[in-house]
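# Overview (structure and organization)
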Amino acid sequence: MINQKAEMYEKIGISREVWEYGEHTAERLSSRFQQIDETAEYNQLKVIRAMQENRVSEACLYASSGYGYNDIGRDTLEKVYASAFSTEDALVRPQIACGTHALAVALSGNLRPGDELLSPVGKPYDTLEEVIGIRPSNGSLAEYGVSYRQVDLLPDGSFDYEGIRKAVNDKTKLVTIQRSKGYQTRPTLSVQRIGELIRFIKSIRPDLICMVDNCYGEFVEEQEPSEVGADLMVGSLIKNPGGGLAPIGGYIAGRREYVENAAYRLTSPGLGKEVGATLGVNQSFYQGFFLAPSVTAAALKGAVFAANIYERLGFPVLPDGKESRHDIIQAVTLGSPEAVIAFCRGIQAAAPVDSYVAPEPWAMPGYDSDVIMAAGAFVQGSSIELSADGPIKPPYAVYFQGGLTWAHAKLGILMSLQKLWEANLVVLP
Ligand SMILES: *Cc1c(COP(=O)(O)O)cnc(C)c1O
């Protein structure tokens with residue numbers, strides 16, 4: 001049996017040496033994986049219970065067209081999200097193009113000219129810079145008279161409580177808290193830490209709207225930020241909550257008033273949640289949400305495996321092999337352009353789609369260096385599917401995430417190592 005498996009790995013391109021190193025690494029992770037499975041089990045129940053409570057029926061899976069009035073599938077799905085995330089309401093729509101759009105809709109729906117937006121956790125995700133107007137951009141919040149203030153984390157990664165207290169003023173209306181580190185080196189925030197921050201902010205002014213950018217965080221823990229005081233929680237359906245099946249979409253969940261404000265911005269004042277046909281995506285939204293806890297668990301196992309594989313070979317990894325996890329992203333600092341390219345080619349070579357193409361670094365718009373990306377995904381750009389990208393600049397780090405199944409995530413990481421090994425960029429122990 002073991003030999004048969006090793007032979008199958010050889011047929012797909014993994015040498016015996018790489019496979020054995022992988023097996024030794026995986027053996028040590030069984031208690032870690034058990035914890036991940038426990039969380040997935042809890043979250044699976046949470047989702048099924050939400051579906052049962054809201055009486056999801058076969059009719060919910062059908063398509064609507066045109067205005068989409070009384071789309072029972074859409075309206076019920078929004079109740080399912082609200083139940084699973086313990087919020088008053090939710091907006092879950094294929095008309096939300098991506099995570100950035102969901103965040104832009106939540107912000108612009110709830111901010112008015114003269115209001116100020118505060119980020120107490122440092123610089124937000126790159127694409128948000130243009131939404132907010134940190135980098136001048138057509139249609140930014142800044143152009144509409146919404147100002148922005150930022151308080152960075154302290155050097156040790158803790159919240160600058162004094163700085164936050166000073167930054168809150170009469171104009172402050174909404175506080176945006178990004179859970180995932182994104183492409184920064186700060187640690188990802190745990191739900192518990194987010195709760196502490198929200199309690200502090202509410203102690204300054206209870207009427208401040210606390211919004212959490214929950215991208216990559218859903219179902220990683222047993223609680224979500226909405227359960228520790230967040231008034232709004234926002235994410236993308238081509239990340240965790242879409243379970244790999246949603247072909248598009250985003251969600252905004254939270255207090256009814258704020259979700260409604262977002263809906264008036266997404267569709268139109270007066271129309272709000274009443275319109276928006278689902279064109280047949282309901283089934284994939286439901287089924288994806290149903291699968292999301294176990295898909296997230298597979299991606300997490302991949303991230304933990306990658307951290308341990310590369311840490312043992314002497315590469316700096318973030319988070320490290322033992323740390324607790326609050327999102328699905330893994331950074332590995334490989335130290336040379338050749339290694340970044342080899343790593344990404346390995347991820348690509350392990351994909352079910354486009355495995356035969358070799359990714360090349362290119363000058364992507366919006367980046368200040370060449371970037372290489374690997375993705376052989378069923379849904380274009382989906383980062384809950386196995387994917388990796390790395391800017392070709394020091395310290396030559398790759399960011400790795402996703403994997404719809406643990407077996408595929410494992411293959412991807414072994415294939416990345418295979419490519420490094422073949423190019424003599426690593427020595428196996
Ligand atoms: C992915 C991501 C976004 C933006 O989502 P897109 O779907 O790429 O527009 C925003 N914030 C964080 C933390 C993310 O990970």
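If you're wondering where the values come from, they're calculated on a predicted model, not measured in any experiment.

Cut-off values and rules
- Residues numbered from 1 in each chain as written.
- Predicted model: local features only at pLDDT ≥ 70, side-chain atom pairs only at ≥ 80, totals over all residues.
- Heavy atoms only, no water.
- Near = heavy atom within 4 Å.
- Polar contact = N/O pair within 3.5 Å; in protein donor to acceptor, adjacent residues only side chain to side chain.
- Areas by Shrake-Rupley, 256 points an atom, 1.4 Å probe, with all protein chains shown as cover.
- 1 Å grid on protein atoms, 1.4 Å probe; cavity = no way out; pocket = protein on both sides within 12 Å on 5 of 7 lines; lining within 4 Å.
- Sits in = over half its atoms within 2 Å of the grid points.
- Nonpolar A, V, L, I, M, F, W, Y, C, P; charged D, E, K, R; others polar.
- Pairing = 2+ DSSP bridges.
- Helix = DSSP H or I, 4+ residues; strand = E, 2+ residues; numbered from the N terminus.
- Contact = heavy atoms within 4.5 Å.
- Axes fitted to C-alpha atoms, helices over the stretch in contact; angles between N-to-C directions.
- Domains from an automatic or database assignment.
- Buried area = accessible area lost by both parts, 1.4 Å probe.
- Points joined across faces, edges and corners; volume = space filled by probe spheres on them.

### Thoughts on the site of the ligand
All residues adjacent to the ligand are C98, G99, T100, L103, Y125, Q178, D213, C215, Y216 and K239. One of the backbone N or O atoms of G99 is found 2.8 Å from an oxygen atom in the ligand. In this structure, an oxygen atom belonging to the ligand sits 2.6 Å away from a side-chain N or O atom of T100. Contact with the protein chains covers 89% of the free accessible surface of the ligand, which is 380 Å². In this structure the site holding the ligand corresponds to the largest pocket. Broken down by class, the residue content of the shell around the ligand amounts to five nonpolar, three polar and two charged.

### So, the sheet that holds strand β8 (residues 317–318)
What holds strands together in a sheet is hydrogen bonding between their backbones, with the strands either parallel or antiparallel. Taken in spatial order, the five strands line up as β8-β9-β12-β11-β10 in an open sheet, and their pairing is antiparallel. At either margin of the open sheet sits one strand with a lone partner, and together these are β8 and β10 (371–375). Inspection of the sheet shows β8 paired to strand β9 (residues 330–333) by two bridges, in the antiparallel sense. Looking at the pairing, L318 lines up with A331 of β9. Sheet strands touched by helix α10 (residues 282–311): β8, β9 and β12 (397–401). Its angle to β9, the strand with the most contacts, is close to 15°. Together, β10, β11 (387–391) and β12 form the strand contacts of helix α11 (residues 337–349), whose direction differs from that of β10 by roughly 20°.

### Structural notes on the domain arrangement of the chain
The domain architecture assigned to the chain consists of domain 1 (2–43 + 290–422) and domain 2 (65–281). When each unit is reduced to the centre of its C-alpha atoms, the spacing between domain 1 and domain 2 is 28 Å. Contacts between the two partners involve 29 residues from domain 1, matched on the other side by 25 residues from domain 2. Between domain 1 and domain 2 the total buried area reaches about 2,400 Å² when both faces are included, carbon and sulfur atoms providing 61% of it. Summed over the shared surface of domain 1 and domain 2, the number is 11 residue pairs in polar contact (both at pLDDT 80 or more). Listed by contribution, the elements that provide at least two residues to the side of domain 1 that touches domain 2 are α3 (30–53), α10 and β12. Examining the composition of the side of domain 1 that touches domain 2, we find that six residues originate from one element, α10, more than from any other. Of the residues that constitute the side of domain 1 that touches domain 2, the class distribution is 15 nonpolar, nine polar and five charged.

### Observations regarding empty space enclosed by the protein
Per the counting criterion, the structure on display carries one cavity of 30 Å³ or more. The computed volume of the largest cavity comes to approximately 50 Å³. Looking at the lining of the largest cavity, the elements that each hand over two or more residues are α6 (126–132), β4 (172–178) and β5 (209–213). The biggest single contributor to the lining of the largest cavity is β4, with three residues.

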